[in-house]
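Residue-level structural notes
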Amino acid sequence: MLADLTAGAVEDAEARAASRPEADVERAALAQTPALDVLAALAPSDRVRIIAEVKRASPSRGDLADIPDPAAQARRYEEGGASAISVLTEARRFKGSLADLEAVKAAVRLPVLRKDFIATRYQVLEARASGADLVLLIVAALEQPPLAELFALTSELGMTALVEAHSADEVSRAVDLGAELIGVNARDLSTFELDRDLFGRVAGLIPDGAIKVAESAVLAPADVAHYRSAGADVVLIGEALVTGDPVATLRTFLEAGS
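Since the structure is predicted, the reported quantities are computational estimates derived from the model, not experimental observations. (Residues numbered from 1 in each chain as written. Predicted model: local features only at pLDDT ≥ 70, side-chain atom pairs only at ≥ 80, totals over all residues. Heavy atoms only, no water.)

1. What about the overall build of the protein chain?
Rules: Only DSSP runs of H or I covering at least 4 residues are called helices, and only runs of E covering at least 2 are called strands; the numbering of each starts at the N terminus. When we talk radius of gyration, it's over C-alpha atoms, and the globule rule is simply 2.2 Å times the number of residues to the 0.38. Per-residue accessibility, obtained with a 1.4 Å probe over protein chains only, is compared with the maximum for each type, and a residue is labelled buried under 20%, exposed over 50%, and partly exposed between these values.
Assigned secondary structure in the protein chain consists of 12 helices and 10 strands. Compactness check: the protein chain gives a C-alpha radius of gyration of 17 Å against a globular reference of 18 Å for 258 residues, within 12% of the reference. Judged by the C-alpha coordinates and their principal axes, the protein chain covers about 45 × 40 × 35 Å. Counting every position in the protein chain, which comprises 258 residues, the buried fraction comes to 54%.

2. Some details on the nonpolar core
Short version of the rule: Note on terminology: a nonpolar core comprises buried Ala, Val, Leu, Ile, Met, Phe, Trp, Tyr and Cys residues joined through side-chain atoms within 4.5 Å. Residue contacts are counted whenever heavy atoms from the two residues lie within 4.5 Å of one another.
If you look at the biggest cluster of nonpolar residues, it comprises 69 residues, and the most contacted ones within it are Tyr77, Ile85 and Ile237. The element best represented in this core is helix 6 (residues 121-129), accounting for 5 residues. Other than its neighbours up to four places away in sequence, Ile237 contacts Ile50, Ile51, Ala52, Glu53, Val218, Val224 and Phe253. Leu2, Leu136, Ile211 and Val213 belong to the second-largest nonpolar core, a separate cluster that totals 22 residues.

3. A look at the pairing of strand 1 (residues 49-54)
Filter applied, for reference: At least two DSSP bridges between two strands are required for those strands to pair.
With respect to burial, strand 1 is a largely interior element, 5 of its 6 residues being buried. Alignment of strand 1 against strand 10 (residues 234-237), held across 4 bridges, turns out to be parallel. Note on strand 10: the bridge partner recorded for Ala52 is Ile237. As paired strands, strand 1 and strand 4 (residues 84-88) are joined by 4 bridges and run parallel to one another. Within the sheet, the bridge partner assigned to Val54 lies in strand 4 and is Val87.

4. Examining the environment of Thr154
Among the secondary structure elements, Thr154 is positioned in helix 7 (residues 144-156). Of the residues examined, Thr154 reaches a relative accessible area of 0% and is grouped as buried. With 19 residues separating them along the chain, Thr154 and Val135 place their C-alpha atoms 7.5 Å apart. When near neighbours in sequence (up to four residues on either side) are disregarded, Thr154 contacts Val124, Val135, Leu137, Met159, Thr160 and Ala161.

5. A look at the packing of helix 4 (residues 70-80) against helix 12 (residues 246-256)
Note the following rule: Axis definition: a line fitted to C-alpha atoms, over the contacting stretch in the case of helices. Angles run 0 to 180 degrees between N-to-C directions. Left-handed describes a crossing whose near helix is turned anticlockwise from the far helix by less than a right angle; the clockwise case is right-handed. Each residue gets one label: Ala, Val, Leu, Ile, Met, Phe, Trp, Tyr, Cys and Pro are nonpolar, Asp, Glu, Lys and Arg are charged, and the others, such as Gly, are polar.
Packing of helix 4 against helix 12 leaves a shortest axis separation of 8 Å and a crossing angle of 35 degrees. In the packing of helix 4 onto helix 12, the handedness of the crossing is right-handed. Residues Gln73, Arg76, Tyr77, Glu79 and Gly80 of helix 4 lie in contact with helix 12, whose contacting residues are Pro246, Val247, Leu250, Arg251 and Leu254. Residues belonging to the contact of helix 4 with helix 12 are distributed by class as follows: 5 nonpolar, 2 polar and 3 charged.

6. Focus: the sheet that holds strand 7 (residues 160-165)
Two orientations exist for strands paired in a sheet by backbone hydrogen bonds: parallel and antiparallel. The strand order around the closed barrel formed by 8 strands is 1-4-5-6-7-8-9-10, and the pairing between neighbours is parallel. Averaged over all pairs of adjacent strands, the angle between strand axes in this sheet comes to 25 degrees, irrespective of strand direction. Looking at chain direction, strand 6 (residues 134-138) and strand 7 are connected through 5 bridges and run parallel. Considered in strand 7, the bridge of Leu137 is made with Val163.

What follows is the structure, given as structure tokens:
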């Protein structure tokens, strides 16, 4: 599944590159307003931080919400107390786009994450050109040399990489990069099975000074409390926020993580 998603995302990026060459995208990226300070926005606090996700669909759950106005959705997240916004830009299975990212970035004052299956320089450049402050880099999708190259490019462009792991070995690879924002995804992107306790088993491998992000398997306040008690500084939440009242849900989740 992960290999298919990554291959599809790269194919779509190559199609965009046919009409917008990499040199043009790089110029736009370098001319973009500087990225926000993500590490400050997500710094450990006396209560959990939340990255709230604009997410229409997923391979595991199918359609979740239409979200005709992603900017309005993001403003509700900001109102509810989110510390950053994640925008799914993968089109085939998640029904997102870079236009969603650009609309959200223009609507909120929070850092914005491009969440996609990124494996090429072009994808990182277009993330910055579209205003992203963070990009997702999935360890399982990349060998270490290209992962390190994309991580370095992300930093050179002034963005922050959320480096996502699904195992102890992948956490070690993220640490070896020097990542300061490390996510542990409870969903195995090869099988799409969930293991909510994975975060607790590997969080101790993330060094002090790095921000620990728990991802997936968050549907209720108890899930946020579970991750917080296991050491999460930040929890990324999607489905629960697009299928209910985002402001009320965020406030309840923040209270559970205090």
